[in-house]
Amino acid sequence: MAFTWTRNHILGLADWQGEEYRTLLQTASSFREVLSRRTKKVPALQGQVVTNLFFEPSTRTRSSFELAAKRLSADVLNFAPGSSSLTKGETILDTALTYVAMGTDIFVIRHERAGVPDTIAAEMDRLESGVSILNAGDGQHEHPSQALLDLFTLCCLLDDEHPRLELLEGKKIAIVGDILHSRVARSNIWSLTAAGAEVHLAGPPTLLPKYFEAFDRGDRPGKLFLHWELEPALEKADFVMTLRLQKERMTANLLPSLREYHQRFGITRQRLKMCNSGARVLHPGPVNRGVEISSDLMDDPRFSLISQQVTSGVAVRMALLYLIGNLKQEAG
């Protein structure tokens with residue numbers, strides 16, 4: 001029996017089930033094929049309005065969602081906080097309701113505070129508006145679309161024709177860096193352990209608190225491990241995901257210096273030799289070159305999957321918008 005998509009909002013991955021990941025991967029694979037055609041547009045969301053509410057800076061995520069919506073033939077509205085009525089005292093909810101009155105069907109929301117997308121989703125449900133919310137990153141909570149595009153990138157690398165969840169079962173994946181401030185790491189923990197991968201977190205104790213052990217809830221086939229040294233995480237790893245040092249979120253002196261961080265946790269060609277042969281490196285961007293990863297490694301297509309992550313992002317975000325947008329059309 002075919003799986004039926006029922007999720008109206010996509011706020012995080014902590015409660016996603018295996019069939020949801022499989023449906024997402026299959027749908028994204030179909031849209032990747034569309035993006036390879038000469039005509040890269042489909043009428044799947046024609047007549048629907050997608051509004052990007054980005055309350056903090058973004059290049060990749062915002063542009064990727066905008067392009068994804070346009071490839072699906074949706075009408076797109078972009079919100080810029082600096083030139084909005086927020087500067088005059090308007091609340092975030094009132095801003096959202098203004099766009100609802102303009103006919104918005106789907107909000108893509110990024111905010112520096114955790115929980116803002118959830119709050120707006122609850123208000124949309126309370127008003128029975130039928131509007132869907134897609135979390136594009138909120139504080140130190142989650143960034144589901146980034147984790148899903150990472151998942152899709154890895155599965156496509158392992159089987160380009162049939163990317164599927166089971167391909168990551170038993171794979172060792174090291175996530176290195178600023179785990180504390182990373183919503184990307186949190187979402188990737190949920191998705192990769194759901195796929196059955198062994199996820200090894202590595203970083204200095206100030207950026208990898210012991211409470212991350214609680215993320216291994218025992219309800220997923222994969223396992224989670226914490227390391228305060230780099231070598232155990234890299235040893236025989238199949239993939240290495242480096243994370244940006246989020247200096248704008250650091251409220252204390254959590255690191256002695258960027259130079260010392262690179263010496264201890266920076267990913268270089270030499271350190272990659274500790275991994276399995278053929279290991280690849282990912283980074284969600286933007287990158288602090290020479291800090292989280294050496295420039296030469298970042299730019300080497302034999303090892304770096306960074307450009308593939310950006311490409312995968314459009315197909316995955318098309319899939320997310322399509323799944324919740326199609327649900328809306330069926331309900332209508």
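Residues numbered from 1 in each chain as written. Predicted model: local features only at pLDDT ≥ 70, side-chain atom pairs only at ≥ 80, totals over all residues. Heavy atoms only, no water.

- By the naming in an unreviewed UniProt entry, the protein chain is Aspartate carbamoyltransferase, taken from Pannus brasiliensis CCIBt3594.
- In its Subunit (unreviewed entry) section, the UniProt record describing the protein chain reads: "Heterododecamer (2C3:3R2) of six catalytic PyrB chains organized as two trimers (C3), and six regulatory PyrI chains organized as three dimers (R2)."
- Taken verbatim from the UniProt record of the protein chain, the Pathway (unreviewed entry) comment is "Pyrimidine metabolism; UMP biosynthesis via de novo pathway; (S)-dihydroorotate from bicarbonate: step 2/3." (UniProt positions renumbered as here; feature names shortened; annotations may be inferred.)

1. Comments concerning the pattern of salt bridges
- Under the defined criterion, the tally for this structure stands at 19 salt bridges.
- Among the salt bridges present, the one from Arg220 reaches Asp219, with a minimum N-O distance of 3.6 Å.
- A relative accessible area of 13% places Arg220 in the buried class.
- For Asp219, a relative accessible area of 46% puts it in the partly exposed group.
- Each of the salt bridges in this network shares a partner with another, and the network as a whole consists of Arg269, Asp296, Asp300 and Arg302. (Salt bridge = Lys/Arg side-chain N within 4 Å of Asp/Glu carboxyl O. Buried < 20%, exposed > 50% of the residue type's maximum accessible area, 1.4 Å probe, protein only.)

2. Some points on the sheet that holds strand β7 (residues 223-227)
- The strand order β7-β6-β5-β8-β9 describes an open sheet built from 5 strands, whose pairing is parallel. Every other strand in the sheet has two partners, leaving β7 and β9 (280-282) as the edge strands with one partner each. Geometrically, the sheet is characterised by an average inter-axis angle of 20° between neighbouring strands, direction not taken into account.
- Sheet analysis places strand β8 (residues 239-242) next to β9, joined by 3 bridges and oriented parallel. Bridging across to β9, Phe239 finds its partner in Arg280. (Pairing = 2+ DSSP bridges. Helix = DSSP H or I, 4+ residues; strand = E, 2+ residues; numbered from the N terminus. Axes fitted to C-alpha atoms, helices over the stretch in contact; angles between N-to-C directions.)

3. Thoughts on the packing of aromatic side chains
- Applying the stated criterion across every chain yields a total of 9 aromatic pairs.
- When the centroid spacing of 5.2 Å and the interplanar angle of 55° are considered together, the rings of Trp16 and Tyr21 count as tilted. Here Trp16 matches Tyr21 in class, with each residue buried.
- Here Trp190 and Phe215 contribute two aromatic rings whose centre-to-centre distance is 5.2 Å and whose plane-to-plane angle is 25°, an arrangement assigned as stacked. (Phe/Tyr/Trp six-rings, centres within 6.5 Å; stacked < 30°, edge-to-face > 60°.)

4. Remarks on unusual backbone geometry
- Note that the residue after Gly285, namely Pro286, is joined by a cis bond; omega there is -10°.
- Structurally, the position occupied by Pro286 is in the loop between β9 and α10 (295-298).
- In the Ramachandran plot, Ser73 falls in the positive-phi region, its phi being about 70° despite a non-glycine side chain.
- Position of Ser73 relative to the elements: it lies in the loop between α2 (60-71) and β2 (75-79).
- In this model, Lys236 sits at a positive phi of 60°, which is unusual for a non-glycine residue.
- Checked against the element boundaries, Lys236 lands in the loop between α7 (231-234) and β8.

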